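# Breakdown of the fold
Listed below, chain by chain, are the residues.
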Amino acid sequence: MNVAQDAGLVTNWWTYAHQHPLRYRLAVLATNAREVVEHAGGWLFDRSMAGWDVNVVLTDVTGLAPLHILGATVLELEGPLAVPVHHTWPDALAVAPDLLLSDSRVRDGVLNCLENDLIEVVVWGDPLPTEFECRVEGMDHRLSAAAHAFKARALAATDATPRPVPLTEGFRCNARSLAAAGREVNLSRRR
């Protein structure tokens, strides 16, 4: 994709988002589709089925069929990051730890969200940059039966070696995410 195509995708997404202002929005930032499906596919599917607008923003936009199986819209990372003013913010943000380590724009943006308690922030996997360790706590998401089945199908559509799909997915998230999941946690004591 070139910059003009990226700008068109982002513009189309904004137009769509403004036509559906009451839908919750989840943005997932990751390197590739396989990583998202493996670590967060069930959670992503459950959010999509609950009526959330799920957008996965990737650095590598190949092999997208597994994400479409889960109900996600896919954008290339450079498109949204190239726009100077973001008119539409997600209600929740999920981020792969490798992007936090490798892309300062992503790391700085997520840190800003955490420091100002702007939105729900969810991270999966290891390692995390040290400045994130004290700002997030562990949480498990139990997959619905449908999420389990769709994640299995999405994993089969990737080039991953077939293996059993777990019933839960583990994440680390901020206090806003934990409160949304029904857990009261004060993370300020850990800062």
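### Quick notes on unusual backbone geometry
Note the cis peptide between Asp 126 and Pro 127, where omega equals -10°. By the secondary structure assignment, Pro 127 is in the loop between β5 (120–123) and α7 (130–133). One non-glycine residue, Asp 117, adopts positive backbone phi at about 50°. Relative to the elements of secondary structure, Asp 117 occurs in the loop between α6 (104–115) and β5.

### Side note on the confidence of the model for the protein chain
Averaged over all residues, the pLDDT of the protein chain equals 83, while 76% of them reach at least 70. Note on residues 183–191: pLDDT under 50 across the span, and 21 contacts to partners over four residues away in sequence or across chains.

### A short note on the sheet that holds strand β6 (residues 137–142)
If you walk across this open sheet you meet the seven strands as β3-β2-β1-β4-β5-β7-β6, and the pairing is mixed. Sheet topology places β3 (73–76) and β6 at the edges, where each strand pairs with a single neighbour. Across this sheet, the average inter-strand angle for adjacent strands is 30°, counted without regard to direction. With six bridges connecting them, β6 and strand β7 (residues 168–173) associate as antiparallel partners. Pairing of Asp 140 across the sheet is with Gly 170, part of β7. Running over the sheet, helix α2 (residues 33–49) touches β1 (25–30), β2 (53–58), β4 (92–95), β5, β6 and β7 and is turned about 95° from β7.

Each value, and the rule that gives it
- Residues numbered from 1 in each chain as written.
- Predicted model: local features only at pLDDT ≥ 70, side-chain atom pairs only at ≥ 80, totals over all residues.
- Heavy atoms only, no water.
- Helix = DSSP H or I, 4+ residues; strand = E, 2+ residues; numbered from the N terminus.
- pLDDT = per-residue confidence, 0-100.
- Contact = heavy atoms within 4.5 Å.
- Pairing = 2+ DSSP bridges.
- Axes fitted to C-alpha atoms, helices over the stretch in contact; angles between N-to-C directions.

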